[in-house]
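# Breakdown of the fold
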Amino acid sequence: MGIVTNILRRPLLWVEGMVTLATMRRRGGWAVDGRYLDWRRFTAYGDASAAPPPSDVVEYLSWRRRQRSMRR
């Protein structure tokens, strides 16, 4: 099952997914350096070009949602 399908099955993560994309996006490009993402993928999965499994993306969005709710 893909990342989008996993998120679509969890309506509480829809807004968090959009907020995350908006946070990472900036005018004219991405706010996150590609070299940093390569390093993170390498340290997490052993391969700089690896795609994170859908369960990791769902867990990350869930974590972000919990963190944001604690700041309110």
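Fair warning: this is a prediction, and the values are worked out from it, not measured in the lab. Counting restarts for each chain: residues are numbered from 1 in the order of the written sequence. Whole-chain, interface and lining totals are the exception, using all residues; otherwise, since this is a predicted model, local features are given only for residues with pLDDT of at least 70 and side-chain atom pairs are given and counted only at 80 or more. Excluding hydrogens and water, the side-chain figures rest on all heavy atoms present in the structure.

## Focus: the layout of surface pockets
For the record, the criterion: Method remark: on a 1 Å grid restricted to protein atoms, a set of points is classed as a cavity if a 1.4 Å probe fits but cannot get out and as a pocket if it is open with protein on both sides within 12 Å along at least five of seven lines; lining residues have an atom within 4 Å of a point. Grid points are joined across faces, edges and corners, and a volume is the space filled by probe spheres set on the points. Helix and strand assignments follow DSSP, with helices taken as H or I runs no shorter than four residues and strands as E runs no shorter than two, numbered in order from the N terminus. In this count, Pro and Cys sit with the nonpolar residues alongside Ala, Val, Leu, Ile, Met, Phe, Trp and Tyr, while Asp, Glu, Lys and Arg are called charged and the others, Gly among them, polar.
Its boundaries defined by the atoms lining it, the largest pocket holds a volume of some 940 Å³. As for the largest pocket, its lining consists of 24 residues, of which Thr20, Met24, Pro52, Val57 and Tyr60 are closest to the centre. Elements with a contribution of two residues or more to the lining of the largest pocket: helix H1 (3-8), helix H2 (14-24), helix H3 (34-45) and helix H4 (54-70). Top element by residues in the lining of the largest pocket is H2. It accounts for seven residues. In the lining of the largest pocket, the residues fall into 17 nonpolar, three polar and four charged.

## Some thoughts on the packing of H2 against H4
Where we set the bar: Whenever a helix is involved, its axis is fitted only over the stretch in contact; in every case the axis is a line through C-alpha atoms, and angles between N-to-C directions fall within 0 to 180 degrees. Angle categories are assigned with fixed cut-offs, so that under 35 degrees is roughly parallel, over 145 is roughly antiparallel, 65 to 115 is roughly perpendicular, and the rest are oblique. Note on definitions: a residue-residue contact is assigned when non-hydrogen atoms from the two residues lie within 4.5 Å.
One way to put it is that H2 packs onto H4 with a least axis distance of 10 Å and a crossing angle of 90°. Judged by the angle between their axes, H2 and H4 are roughly perpendicular. On H4, the residues touching Glu16, Gly17, Val19, Thr20 and Thr23 of H2 are Tyr60, Leu61, Arg64, Arg65 and Arg68. Residue composition of the contact of H2 with H4, grouped by class: three nonpolar, three polar and four charged.

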